[in-house]
Amino acid sequence: MKSAAPTLAEFRATVRDWCRDHVPADWRRAQTGVPDGEFVRFQKEWFQTLREAGFAVPHWPKEWGGGMPVAEQVVLYQELAAHDAPRLVLPFVSIHHAASTLLAAGTDEQRERHLPAILDGEIWCQGFSEPGAGSDMAALTTSARKDGDTYVVNGQKLWASGAMHADRCLLLARTDPSAPQRRGISYFLMDMRTPGIEVRPIRQATGESHFCEIFLDDVILPETDLVGPENEGWRVAQETLGAERGMTMLELAERLGNGGFRWLVELCARPGPLGTRPLDDPLVADRLAQFEIELTGLRALCAEFVADDRPGPADASIVKLYYSELLQRMTGFGTEIAGLSAHTQLRKPSSSGWESGAWVLDFIGSWEWTIPGGTSEIQRTIIGERGLGLPYEPRGNR
């Protein structure tokens, strides 16, 4: 007789027991200030630990190692956040952006080649933005000229997270310079070991070098690396960008509501030099109460979004805007309360999220979230035009 599927309560208990046994003890201290090689090793080992449990890619289809119901995915991310499990920082683009692109627009051959490789540890980065094409991604100028059964690529990409560790790159390049901006772009799966590629890490204000520049000089890509029809890369890219929402946002919201808020309350409850606590100040208590209300709203919004089979055209932008600006306010408040000692903290755990408890570094890093994937201004425009039906802003040649 076939056993019944576990209830959500039973599944939650299973995940809790697994977290108690498998979340590395004291990983935050061990991952603070480590060299790149140790960070990569730790991330790959943690990914395989999650994979063995069936928790690494629950959002993938069942035939590729996923198939977890949405309600269980919500529970999984809630428990991982509650037990302060390390984030999958290094494989993020691989398991979300690359996978969603391959599943939505890739060929069977591309899926069979790359999805198992991702599960085995293949790392991907994203080559979309350029020095003159950030939020206005359609203005990109990197070119891909057809030459027989290959493409010759020249140009520069910017803000490619983790590119120094990547095996592959999701690349957008212009294949028809005479076409309207959004209609002459193609999408490629670029091997980062191809001759002509140079990666230069960019040192950030936090001291990290997570972002990179990618320079492309006569890089030859096989036609088999093209995803979707030629000149339809803009449409394919929407599948990639859509992966930054949904479950990924729910996980981030849970981490902000668990670790981030808990550490903020603990910080405010700590006695200062004169023996008083910030929490004793009514203004501080009021701010904490307001944050708790906003976090409750964010978590409910994310849960509703992932449960909706047909989300509204602006729902993803609402979630992204809400999370990024709440993150900025919370880490900014933590920086105010933490005092001068927080300004001497120069390192944070490399496998954490944007709420590590290193308040000044987290606040500086929070500004990153209001820019990539569409700035807050872009998100507001999308909400106004697509969500509220306001007149479209003139944008030249679409």
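The structure under discussion appears in the preceding block.
A. Main features of helix H3 (residues 36-53). When the terminal C-alpha atoms of H3 are compared, their 26 Å separation across 18 residues agrees well with the 26 Å that a helix rising 1.5 Å per residue should span. Buried residues in H3 make contact with helix H1 (8-22), helix H2 (27-30), helix H4 (70-82), helix H5 (92-105) and helix H6 (108-119). Following H3 by one or two positions, Gly54 has its phi on the positive side, about 85°.

B. Up close: the pattern of salt bridges. Scanning the entire structure with this criterion turns up 22 salt bridges. Linking Asp17 and Arg20 is a salt bridge whose minimum nitrogen-to-oxygen distance equals 2.8 Å. Highlighted residues: Asp17 and Arg20, both in helix H1, separated by 3 residues, approximately one helical turn. Taking relative accessible area as the criterion, Asp17 reaches 43% and is therefore assigned partly exposed. With relative accessibility at 55%, the residue Arg20 sits in the exposed group. The partner of Glu38 in a salt bridge is Arg41, with the nearest N and O atoms 2.5 Å apart. You can see Glu38 and its partner Arg41 sitting in helix H3, 3 residues apart, about one turn around the helix. Given a relative accessible area of 36%, Arg41 falls into the partly exposed group.

C. Broad picture of unusual backbone geometry. Residues other than glycine seldom take positive phi values, yet Asp26 does so here, at roughly 55°. By secondary structure assignment, the location of Asp26 is in the loop between H1 and H2. Take Asp26: its relative accessible area is 46%, and that puts it in the partly exposed class. Residues other than glycine seldom take positive phi values, yet Asp84 does so here, at roughly 50°. Note that Asp84 resides in the loop between H4 and H5.

Conventions used here
- Residues numbered from 1 in each chain as written.
- Predicted model: local features only at pLDDT ≥ 70, side-chain atom pairs only at ≥ 80, totals over all residues.
- Heavy atoms only, no water.
- Helix = DSSP H or I, 4+ residues; strand = E, 2+ residues; numbered from the N terminus.
- Expected span 1.5 Å × (residues − 1).
- Contact = heavy atoms within 4.5 Å.
- Salt bridge = Lys/Arg side-chain N within 4 Å of Asp/Glu carboxyl O.
- Buried < 20%, exposed > 50% of the residue type's maximum accessible area, 1.4 Å probe, protein only.

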